[in-house]
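Structure assessment
Next come the chains, spelled out residue by residue.
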Amino acid sequence: MENYEVVVLGGGPGGYVAAIRAAKLGKKVALIEARELGGTCLNRGCIPSKTLLRHAEVIETIEKAKEWGIETGPVTFSLGKMLARKDAIIMQLRSGIAYLLKRGEIKVYDGIGEVRKDRTIAIRKQGQEERISGDSIILATGSKPLIPPIPGIESAACFTSDTIFDIEKIPASIVIVGGGIIGVELASIFASLQVRVHLIEMGERIVASEEPEASEVLMKSLKKKGITVLTNTKVARIEQRESNQFVEIVKENGDYEIVETEAILIAAGRIANTSSFSELNLKMNGPFVKVDNRMAASEPGIYAIGDIVEGWQLAHIASAEGLVAAANAAGEKESMDYSIVPRCVYTSPEIASVGMTEGEANRQGIDYKVIRIDHSSNGKALAQDEKEDFTKLIAGRRYGEILGVLMVGPHVTEMIAEASAFIRLEGTVEELASMIHAHPTVSESVYEAAASWLEKGVHH
């Protein structure tokens with residue numbers, strides 16, 4: 001039986017990064033992946049959705065350009081070509097990961113890995129099994145779509161976020177159950193393809209992980225796209241009738257309604273994959289593996305990262321945790337810091353935030369001041385016809401330290417890195433206001449927010 005110094009179970013954005021880091025620290029490393037390298041993010045999540053969101057952006061721009069005096073012929077869609085481009089991008093990135101693992105002399109096992117009580121790892125593929133062992137094991141088994149217990153769902157033809165990107169034709173209509181990040185991004189994609197979309201969220205607002213004003217701007221944008229957004233609404237039952245499905249919903253006031261649809265997408269969240277190490281007696285935090293700030297689990301030499309630990313289910317967090325877990329598995333001493341994690345929603349408009357929200361600042365009793373700068377007077381935003389967006393800055397009154405930034409608008413998922421850097425370096429609004437920002441840019445709004453916070457703003 002082959003022994004490795006570090007064995008990583010799962011080849012997603014946390015797992016393969018952990019394997020490469022451990023190898024670069026001089027360890028003999030093995031990685032086990034049951035499906036494709038890159039995990040959910042690359043193959044069924046982040047990359048395919050962002051590729052198709054780019055398609056949606058182009059389609060929406062063509063339509064909007066009519067108001068600018070730019071006329072085109074009727075827009076047509078080729079779903080086959082769109083999905084082929086998506087697949088080509090996935091394959092290119094997947095090949096890149098395979099190359100990096102090979103260059104790092106990391107042994108990749110293709111199969112389903114299960115950690116046994118004796119801490120050996122059984123790898124099963126096509127009815128055959130082999131075993132390996134590891135001095136340290138990093139669990140990075142990710143998550144799977146949550147299927148809510150809706151009556152009739154077991155016999156209905158429903159897509160999940162894992163299967164929707166393999167859809168064979170553009171449906172005339174779709175009901176999306178869940179108004180979180182996955183739900184709103186996919187709603188935007190289908191609306192751009194002229195699909196009749198119902199987005200159903202049982203909570204009081206969409207994208208509840210972000211601040212209310214961001215949800216409000218996004219809600220208006222989705223409705224402008226023709227999407228029917230229903231909040232405070234539950235799905236009571238699903239019934240399949242021939243080629244269509246009937247979704248029975250109940251609203252906050254108790255009213256029932258039947259929505260007929262060709263397709264249904266369940267985007268109600270994801271649950272941790274823990275079956276591959278169920279024989280280990282690990283301490284759990286509800287459905288998640290309990291870890292310390294070193295990503296160490298309760299059993300010596302066992303680490304857990306990504307969606308199987310409590311927190312934000314984000315690829316960049318999984319990668320950061322993978323780096324920390326690998327360093328500690330290799331004998332280094334590193335710990336995770338979750339205080340500065342950018343959060344992004346890739347709809348149109350985009351939402352990006354980092355640091356504290358107002359609610360968090362209030363709960364911690366911090367004396368703060370908040371400034372919101374609307375983009376209605378920003379030259380670049382007006383030129384791009386994106387004038388309903390905004391930038392919001394939260395800073396402590398005592399020292400002026402920047403606590404949090406929220407941005408809604410075009411390309412803010414790229415611009416949030418500036419705010420992240422300032423918070424990481426404990427920067428102040430005075431330092432931010434002293435920086436010269438290029439004109440015209442949407443990022444000028446960050447400068448304007450800092451200057452206005454100091455009551456030195458020119459345009460605000």
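Definitions and limits used
- Residue indices begin from 1 for each chain and proceed along its sequence in written order.
- Predicted model: local features are reported for residues with pLDDT of at least 70 only, side-chain atom pairs are reported and counted for 80 or more only, and whole-chain, interface and lining totals are derived from all residues.
- Side-chain metrics rest on all non-hydrogen atoms present in the structure, leaving aside hydrogens and water.
- Type-normalised accessible area, obtained with a 1.4 Å probe on protein chains alone, sets the label of each residue: buried when under 20%, exposed when over 50%, and partly exposed for intermediate values.
- Under the scheme used here, helices are H or I runs from DSSP no shorter than 4 residues and strands are E runs no shorter than 2 residues, and both carry numbers assigned from the N terminus.
- Residues count as neighbours in contact if any of their non-hydrogen atoms are within 4.5 Å of one another.
- Lines fitted to C-alpha atoms define the axes, with helix axes restricted to the stretch in contact, and inter-axis angles between N-to-C directions lie between 0 and 180 degrees.
- Roughly parallel means an angle under 35 degrees; roughly antiparallel means over 145; roughly perpendicular covers 65 to 115; every other angle is labelled oblique.
- Should the near helix be turned anticlockwise from the far one by less than a right angle, the crossing is left-handed, and should it be turned clockwise, the crossing is right-handed.
- Definition used for salt bridges: Asp or Glu carboxyl oxygen within 4 Å of a side-chain nitrogen of Lys or Arg.
- Strands are labelled as partners when DSSP assigns at least two bridges between them.

This part covers helix 12 (residues 444-453). Counting buried positions over the 10 residues of helix 12 gives 9, a clear majority of the element. Taken together, the buried positions of helix 12 are Glu444, Ser445, Val446, Glu448, Ala449, Ala450, Ala451, Ser452 and Trp453. Looking at the buried residues of helix 12, the elements they touch are strand 22 (368-374), strand 23 (390-396), strand 24 (402-409), helix 10 (412-424) and helix 11 (429-433). Residue Glu455 follows helix 12 closely and has a positive phi angle near 60°.

Before going further, it helps to spend a moment on the packing of helix 3 (residues 46-64) against helix 5 (residues 181-192). At a closest axis distance of 9 Å, the pairing of helix 3 and helix 5 adopts a crossing angle of 45°. In terms of their interaxial angle, helix 3 and helix 5 are classed as oblique. Here the hand of the crossing between helix 3 and helix 5 comes out left-handed. Residues Ser49, Lys50, Leu52, Leu53, Ala56, Ile59 and Glu60 of helix 3 pack against Glu185, Ser188, Ile189 and Ser192 of helix 5.

Applying the stated criterion across every chain yields a total of 37 salt bridges. Of the charged contacts in the structure, one is a salt bridge between Glu60 and Lys225, with a shortest N-O distance of 3.1 Å. In this pair, Glu60 is assigned in helix 3 and Lys225 in the loop between helix 6 (212-224) and strand 11 (228-230), connecting sequence segments 165 residues apart. Using a relative accessible area of 23% as the deciding quantity, one classes Lys225 as partly exposed.

Pairing within the open sheet is antiparallel, and its 3 strands lie in the order 12-13-14. Edge positions in the open sheet fall to strand 12 (234-241) and strand 14 (256-261), since each of these has one partner strand only. Across the sheet, the mean angle from the axis of one strand to that of its neighbour is 20°, orientation sign disregarded. Here strand 13 (residues 244-250) runs beside strand 14; their pairing, made up of 6 bridges, is antiparallel. Opposite Gln245, over in strand 14, you have Thr261 as the bridge partner.

None of the figures reported here should be taken as evidence of function without further support.
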